[in-house]
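Take a look at the letters that make up each chain.
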Amino acid sequence: MKASPVDQIRLLDVQALDVRLTQLAHQRKNLPEHAEIRALEGELTQVRSLLVAARTESSDTAREQAKAEADVDQVRKRAARDQERLDSGLVTNPKDLSNLQSEIASLARRQDDLETVVLAVMERQEAAEARATELTASVTALETKEAELTGRRDASLADIGTEEDGIRKQREQIAADVPADLLKLYDKLREQQGGIGAARLYQRRCEGCRLELNITEVNEVRAAAADEVVRCENCRRILVRTPESGL
């Protein structure tokens, strides 16, 4: 294959831009914010689940407290009615009077038991509310941090995208002046050789595979016409000669 030395040098410019695009793609994929956001999302999911559980417990204990307080109120009212009957003097039968006094005493014990239940439920309800409040604050803080990280990530992605657009335009302009057959070979080799299709020959060393050419290979390259497209015998990449090739 033939290509002018200028076109071959221009191919190195295309290669440099392709390398930068590869670097930017790697940078885009491996932004530290990606991992931070993933970890934060996992933490948020866990804390939100705990918050739902705390709110559910708070709601359940609130209903339980309301029921227990209603039971206390019902017993208190019944005891008040019985006490009113006792105080009225209308109950004169000794047996009925004894039964009434016994019921009042029983209701007093029942009220004490129910009030103890109410206090226990209230403590649980307050603890659940406090837990829910704490978890709500945690969720808010994590969501704020997530928003900040997302903003930083999006800004970084925007910067990368802007640079990528500029490089692609620059590559398109330079590649337009490279002979089609040379560019086709370069793209094929670049795909096969891990993103590097053309390499500079510097001080008798291929900058693609980093190996130094032996004397036979040096003589073959030296003897090749200036417009001959030569290849590295080791990595088979296009080997571009420059004044620093050491020939």
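Whatever comes next refers back to the structure up there.
The structure reproduced in this document is the subject of the present report. Keep in mind the model is a prediction, meaning the values are calculated, not measured. Chains are numbered independently. Their residues run from 1 in the order of the written sequence. The predicted origin of the model limits local features to residues at a pLDDT of at least 70 and limits the giving and counting of side-chain atom pairs to 80 or more, whereas totals for whole chains, interfaces and linings rest on all residues. Side-chain numbers come from the whole structure's heavy atoms, not from hydrogens or water.

### What about the overall build of the protein?
Then step 1. Only runs of H or I of at least four residues qualify as helices and only runs of E of at least two qualify as strands under DSSP, and these elements are numbered from the N terminus. If you tally the helices and strands in the protein, you get five helices and four strands.
Then step 2. Reading the secondary structure of the protein in the N-to-C direction produces α-α-α-α-β-β-α-β-β.
Then step 3. The globule rule is 2.2 Å times the number of residues to the power 0.38, and the radius of gyration it is compared with is taken over C-alpha atoms. In terms of C-alpha radius of gyration, the protein reaches 42 Å, well past the compact-globule figure of 18 Å for 247 residues.
Then step 4. Projected onto its principal axes, the C-alpha coordinates of the protein cover approximately 135 × 35 × 25 Å.
Then step 5. Counting all 247 residues of the protein, 32% fall into the buried class.
Then step 6. Relative to all contacts within the protein whose residues are 6 or more apart in sequence, the contacts with residues 24 or more apart total 77%.
Then step 7. Total accessible area on the protein stands at roughly 15,100 Å², and carbon and sulfur atoms take up 50% of it.
Then step 8. Positive and negative side-chain charges of the protein, numbering 38 and 46 respectively, have mean locations separated by a distance of 6 Å. Partly exposed residues are those whose accessible area sits between 20% and 50% of the maximum for their type, while under 20% is buried and over 50% is exposed, using a 1.4 Å probe and protein chains only. Between two residues, a contact is recorded if the distance between any of their heavy atoms is within 4.5 Å. In this description, accessible areas are obtained by the Shrake-Rupley approach with a 1.4 Å probe, and a residue is regarded as covered only by the protein chains that are shown. Only four residue types enter the tally: Lys and Arg on the positive side, Asp and Glu on the negative side; His and the chain ends are excluded. To locate a charge, take NZ of a lysine, CZ of an arginine, CG of an aspartate or CD of a glutamate.

### Side note on the pattern of salt bridges
Then step 1. We define a salt bridge as a side-chain nitrogen of Lys or Arg found within 4 Å of a carboxyl oxygen belonging to Asp or Glu. In this structure the tally under the stated criterion is 24 salt bridges.
Then step 2. Across the pair Lys77 and Asp73 runs a salt bridge, and its minimum N-O distance is 3.2 Å. Highlighted residues: Lys77 and Asp73, both in helix 2 (residues 32-88), separated by four residues, approximately one helical turn.
Then step 3. A relative accessible area of 48% means that Lys77 is categorised as partly exposed.
Then step 4. One salt-bridge network, in which partners are shared between bridges, spans Asp18, Arg171, Asp187 and Arg190.

### Digging into the nonpolar core
Then step 1. To define a nonpolar core, start from buried Ala, Val, Leu, Ile, Met, Phe, Trp, Tyr and Cys residues and group those joined through side-chain atoms within 4.5 Å. Leu11, Leu182, Tyr186 and Ile238 are the most contacted members of the largest nonpolar core, which has 22 residues in total.
Then step 2. Elements supplying a minimum of two residues to this core: helix 1 (5-29), helix 3 (94-175), helix 4 (180-192) and strand 4 (238-241).
Then step 3. With six residues, helix 1 is the single largest residue contributor to this core.
Then step 4. Discounting chain neighbours no more than four positions away, the residues touching Leu182 are Met1, Ala3, Asp7, Leu11, Val229 and Ile238.
Then step 5. Membership of the second largest hydrophobic core comes to twelve residues, among which are Leu201, Cys206, Val221 and Cys232.

### Some details on the side chain of His34
Then step 1. Mapped onto the elements, His34 comes out in helix 2.
Then step 2. Here His34 falls in the buried class, since its relative accessible area comes to 19%.
Then step 3. Those residues in contact with His34 that sit more than four places away from it in its chain are Arg28, Lys29 and Arg153.

### Looking at the environment of Ala25
Then step 1. Within the secondary structure layout, Ala25 lies in helix 1.
Then step 2. Taking relative accessible area as the criterion, Ala25 reaches 39% and is therefore assigned partly exposed.
Then step 3. Through-space distance from the C-alpha of Ala25 to that of Ile160 is 8.4 Å; in sequence the pair is 135 residues apart.

### Examining the pairing of strand 4
Then step 1. Every second residue of strand 4 is oriented toward a common face, with Ile238 and Val240 on one face and Leu239 and Arg241 on the other, all of them buried.
Then step 2. Should DSSP find at least two bridges between two strands, the strands are taken to pair. Of the pairings in the sheet, the one linking strand 1 (residues 198-202) to strand 4 comprises four bridges and is parallel in character. Pairing of Ala198 across the sheet is with Ile238, part of strand 4.
Then step 3. Pairing between strand 3 (residues 230-231) and strand 4: two bridges, direction antiparallel. The residue of strand 4 that forms the bridge with Val230 is Leu239.
Then step 4. If you look at the hairpin formed by strand 3 and strand 4, you'll find six residues sitting between the two strands, and Arg236 has a positive phi there, around 70°.

### What about the packing of helix 2 against helix 3?
Then step 1. Lines are fitted to the C-alpha atoms to define the axes, a helix being fitted only along its stretch in contact, and any angle between axes, read from their N-to-C directions, falls within 0 to 180 degrees. Packing of helix 2 against helix 3 brings their axes to within 5 Å, and their N-to-C directions diverge by 160°. Taken as axis vectors, helix 2 and helix 3 run roughly antiparallel relative to one another. When you trace helix 2 past helix 3, the crossing you get is left-handed.
Then step 2. All amino acids are sorted into three groups, where Ala, Val, Leu, Ile, Met, Phe, Trp, Tyr, Cys and Pro are nonpolar, Asp, Glu, Lys and Arg are charged, and the leftover types, Gly among them, are polar. The residue makeup of the contact of helix 2 with helix 3, split by class, is 28 nonpolar, eleven polar and 25 charged. Any angle from 65 to 115 degrees is called roughly perpendicular, while one under 35 is roughly parallel, one over 145 is roughly antiparallel, and all others are oblique. With the far helix as reference, a near helix turned anticlockwise by less than a right angle produces a left-handed crossing, and one turned clockwise produces a right-handed crossing.

### Quick look at the side chain of Ser245
Then step 1. With respect to the helices and strands, Ser245 occurs in the segment after strand 4.
Then step 2. Owing to a relative accessible area of 1%, Ser245 belongs among the buried residues under this scheme.
Then step 3. Only 2.8 Å separates the side chain of Ser245 from the backbone nitrogen of Thr242, close enough to count as a polar contact.
Then step 4. Those residues in contact with Ser245 that sit more than four places away from it in its chain are Leu201, Tyr202, Gln203, Arg204 and Val240. For this analysis, a polar contact is any N or O atom pair within 3.5 Å, provided that within protein one partner can donate a hydrogen and the other can accept it, and provided that sequence-adjacent residues contribute only side-chain to side-chain pairs.

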